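Residue-level structure breakdown
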Amino acid sequence: MKELICIVCPRGCHLTIDDNNNVTGNMCPRGKQYALNEITNPTRMVTSTVKVDSKLFKRLPVITSKEVSKSKMFEVVKALDGIVVKPPVYLHDVIIKDVCGLGVDIIATRTILE
Amino acid sequence: MKTYDLVIIGGGSAGLAAALEAKKEGVDNLIILEKEPYLGGILQQCIHNGFGLVQFKEQLSGPEYAQRYIDLVNENHIPYLLETMVYEITKDKEIYYTNKQDGVCCIKARAIIMATGCIERTAGAIQLEGARVSGIMTAGLAQKYMNIEGYMVGKKVFILGSGDIGLIMARRCMLEGAKVLGVAEIMPYSNGLNRNIVQCLNDFDIPLYLSHTVKKVVGKDRVEKIIIAKVDDKMNYIPGSEKEFDCDTLILSVGLIPYNPLLEKLNIALNPKTKGVNVNQDYESEFEGIFSCGNSLHVHDLVDYVSKEATLAAKGAVKYLKNNKQEEKVYKTVAGRGINYVLPQQFSYQKDSKIDFKFRVSKPFKACSIVIKNNDSVVRIIKKLYLLPAEMEIISLDMNAITNPSDLVFEIKEDF
């Protein structure tokens, strides 16, 4: 049996998962999925910034398009080194396709026009 | 002098949501005044995700959440002024601002919504002892340096206070190549959301020292070392509990305070617990036609609730503008045992209405009941598995459940 705190939403449900993978304490189905992932292959969204060549802004915030394996977080952030984006860049533009071969893109989370 | 029906001071999450709701309710003669060169407020530097689950049923980063509202503000042609600093308001709702285009300008409003957000407690506010050196900064400032300005704040970081921004910055520093040596929290429990303890500290093996605080900062020009110590339940240092950390940066995440300098100049009474003004269920302050919402009213843990609250304040302002306000008897809410504050602080009783009461507990509780009393009769009991000071509770109370209106007392009863 393992106790977990769900990180899917800010409610932070206190989950319990037993040896037969029965999850209790979750207030929504996402909590069950989180618990099952967490004991097999924990994943996280990664957010960071890249350099942007803009008049008004120095950094462009970015996010992974999907969750990546927790153990790959540092590798993903490292891959952002040296990237310089030229405006205009629009919300959810792909900045790096298939980052580190993980099948996940790095996308912009802000529109910067100039 | 130009007159507006509604002026919204602050173009962050509260101001944007308030403007949209007012526009939706038919207020066309309105304007948002924002001091930064962009809308969105603090959301623009909160690049992590986790916003929007209540409002949009999906996880968004701060800038994405802001963009949803900014797009709607633009689509609805709601006017706003950027890089515009309001430096004075009067009880007659005259607003003095300054910006590059207009110089010094005065406008008049029939109603004002204050959405000015909050500020961070600083090293001075907690009387941090030791060297006054470079490398000590608040978590929000560190966040601005890293996420907006693109500066790394340090190589070896220690964090004082377990507020959410501090936890978020712990992860951020680790991912960007710094080493975070630990987080000290003076209380015996964390002040941040549980999920942030998990995904920001546990994921990176960052130790959390509960009941610990920074006793001394050591350094010549830059932070070189900090000494933390354990405190007892009276917040006195426990001798011999000191631990030393060689670090170059100390990030403070020791609390947020609603920012109300404009109202303070008018000698408005601030609530000693929330540090914001007192409001009724329409989010109207003691000054008629001046409304307050978001983090300038009380510090929220979720932006989603800020947006919701701003919507209610806008509805209140619209009601005021339409002169739909009737003279009604006003009752108080009382924060009883185990409750830090209840908001709104006053309410009027209207049949067939519902009021969302918001409160925080003063310490963590397990297996307890929230009891809402009225003239010593119990209006409602809600059982809870746990309650934490870091998590604001919202209870929607049907006014029809109250037969004999009077002041409402909120308290916590522990179940055994």
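Rules used throughout
In this numbering scheme, every chain counts its residues from 1 along its sequence in written order. Labels follow written order: the first chain is A, the first ligand is 1, and so on. This being a predicted model, a pLDDT of at least 70 is required before a residue's local features are given, and a value of 80 or more before pairs of side-chain atoms are given or counted; all residues contribute to the totals for chains, interfaces and linings. Remark: hydrogens and water are excluded; side-chain values derive from all non-hydrogen atoms of the structure. Secondary structure is summarised from DSSP: a helix means a run of H or I of at least four residues, a strand means a run of E of at least two, and numbering begins at the N terminus for each. Radius of gyration: C-alpha atoms only; globule rule: 2.2 Å multiplied by the number of residues to the exponent 0.38. We call two residues in contact whenever any of their non-hydrogen atoms come within 4.5 Å of each other. Note on areas: Shrake-Rupley, 1.4 Å probe, and residue coverage restricted to the protein chains presented here. For the purpose of counting charges, residues Lys and Arg are taken to be positive, whereas Asp and Glu are taken to be negative. His and the chain ends are not included. Charged groups are reduced to one reference atom each: NZ for lysine, CZ for arginine, CG for aspartic acid, CD for glutamic acid. Using protein atoms alone on a 1 Å grid, points that fit a 1.4 Å probe yet trap it form a cavity, whereas open point sets bounded by protein on both sides within 12 Å along at least five of seven lines form a pocket; residues with an atom within 4 Å of a point count as lining. Grid points are joined across faces, edges and corners, and a volume is the space filled by probe spheres set on the points. Residue polarity is assigned by list, with Asp, Glu, Lys and Arg as charged and Ala, Val, Leu, Ile, Met, Phe, Trp, Tyr, Cys and Pro as nonpolar; anything else, Gly included, falls into the polar class. Computed with a 1.4 Å rolling probe, the buried area is the accessible surface lost when two parts are put together, summed over both parts. Any Lys or Arg side-chain nitrogen located within 4 Å of an Asp or Glu carboxyl oxygen qualifies as a salt bridge. The axes are straight lines fitted to the C-alpha atoms, using for helices just the contacting stretch, and the angles between their N-to-C directions are given from 0 to 180°. Note on angle classes: values under 35 degrees are labelled roughly parallel, values over 145 roughly antiparallel, values of 65 to 115 roughly perpendicular, and the remainder oblique. Each crossing gets its hand from how the near helix is turned against the far one by less than a right angle, where anticlockwise is left-handed and clockwise is right-handed. Throughout, the edges of the domains are those of an automatic or database domain assignment. By the criterion applied in these results, polar contacts are pairs of N or O atoms within 3.5 Å in which, for protein atoms, one can donate a hydrogen and the other can accept it, and in which residues neighboring in sequence qualify only through two side-chain atoms. The buried label applies to any residue whose accessible area, calculated with a 1.4 Å probe on protein chains only, is under 20% of its type's maximum; exposed applies above 50%, and partly exposed to all values in between. By the convention used here, strands pair only if DSSP detects at least 2 bridges between them.

For chain A, the helix and strand inventory stands at two helices and ten strands. Starting at the N terminus and ending at the C terminus, chain A contains elements arranged as β-β-β-α-β-β-β-β-α-β-β-β. Its C-alpha atoms give chain A a radius of gyration of 18 Å, clearly above 13 Å, the size a compact globule of 114 residues would have. By its C-alpha atoms, chain A is 55 × 25 × 15 Å across when sized along the principal axes. For chain A, the share of sequence-separated contacts (at least 6 apart) that also reach a separation of at least 24 residues comes to 43%. When the accessible surface of chain A is summed, it comes to about 6,100 Å², and 51% of that surface belongs to carbon and sulfur atoms. In chain A, which carries 16 positive and 12 negative side-chain charges, the distance between the mean positions of the two groups comes to 5 Å.

Moving on, we come to the layout of surface pockets. Of the pockets and cavities examined, the second largest pocket occupies roughly 1,000 Å³. What lines the second largest pocket is a set of 38 residues, among which P10, R11 and M27 of chain A together with Y305 and K384 of chain B lie closest to the centre. For the lining of the second largest pocket, the secondary-structure elements that each account for two or more residues are β2 (14-17) and α1 (29-40) of chain A together with α7 (303-321), β23 (354-361), β25 (377-387) and β26 (393-398) of chain B. Examining the composition of the lining of the second largest pocket, we find that six residues originate from one element, β25 of chain B, more than from any other. When grouped by side-chain class, the residues that make up the lining of the second largest pocket number 20 nonpolar, five polar and 13 charged.

A few words on the interface of chain A and chain B. Across the contact, 32 residues belong to chain A and 32 residues belong to chain B. Across the chain A/chain B interface, buried area totals approximately 2,800 Å², and carbon plus sulfur atoms make up 58% of it. Scanning the region where chain A abuts chain B turns up three salt bridges. In this structure, D203 of chain B and K70 of chain A form a salt bridge, with 3.2 Å as the shortest nitrogen-oxygen distance. When contributions to the side of chain A that touches chain B are tallied by element, the ones reaching two or more residues are α1, β5 (47-52), β6 (59-64) and α2 (73-78) of chain A. Broken down by class, the residue content of the side of chain A that touches chain B amounts to 17 nonpolar, eight polar and seven charged.

Residues and elements named next belong to chain B. The contact between helix α4 (residues 164-175) and helix α5 (residues 194-201) brings their axes to 8 Å, and the two run at 20°. In this view, α4 runs roughly parallel relative to α5, as classed from their interaxial angle. As α4 packs across α5, the resulting crossing turns out to be left-handed. In this structure, α4 uses D164, L167, I168, A170 and R171 to contact α5, whose residues at the interface are N196, I197, Q199, C200 and L201. Each residue belonging to the contact of α4 with α5 can be placed in one class, and the counts come to six nonpolar, two polar and two charged.

Okay, the domain arrangement of chain B next. Residue and element names in this part refer to chain B. Taken as a whole, chain B is organised into domain 1 (2-119 + 257-325), domain 2 (122-254) and domain 3 (331-414). Using C-alpha coordinates to define each centre, domain 2 is positioned 35 Å away from domain 3. Residue-level contacts link five residues of domain 2 with seven residues of domain 3. Where domain 2 abuts domain 3, roughly 410 Å² becomes buried across the two surfaces, and 64% of that area is made up of carbon and sulfur atoms. Its largest share of buried area at the contact with domain 3, domain 2 owes to Y189, L193 and N194, together 78% of the area lost on that side. Our count for the contact surface shared by domain 2 and domain 3 stands at zero salt bridges. Here domain 2 is connected to domain 3 by zero residue pairs in polar contact (both at pLDDT 80 or more).

Looking now at the pattern of salt bridges. Taken as a whole and judged by the stated rule, the model has 27 salt bridges over all chains. In this structure, the salt-bridge partner of K23 of chain B is D28 of chain B, at a minimum N-O distance of 3.2 Å. Judged by relative accessible area, which is 51%, D28 of chain B ranks as exposed. A salt bridge links E176 of chain B to R172 of chain B; the nearest nitrogen and oxygen atoms lie 2.7 Å apart. E176 of chain B sits in the partly exposed class, given a relative accessible area of 28%. Residues participating in the shared-partner salt-bridge network are E38, R44 and K70 of chain A together with D203 of chain B.

Residue and element names in this part refer to chain B. Taken in spatial order, the three strands line up as β21-β23-β26 in an open sheet, and their pairing is antiparallel. Looking at strand neighbours, the two that pair on one side only are β21 (339-343) and β26, the edges of this open sheet. Within the sheet, the average angular offset between the axes of one strand and its neighbour, ignoring direction, is 25°. Relative to β23, β21 is paired through four bridges, and the arrangement is antiparallel. The partner of I339 across the bridge, within β23, is V361.

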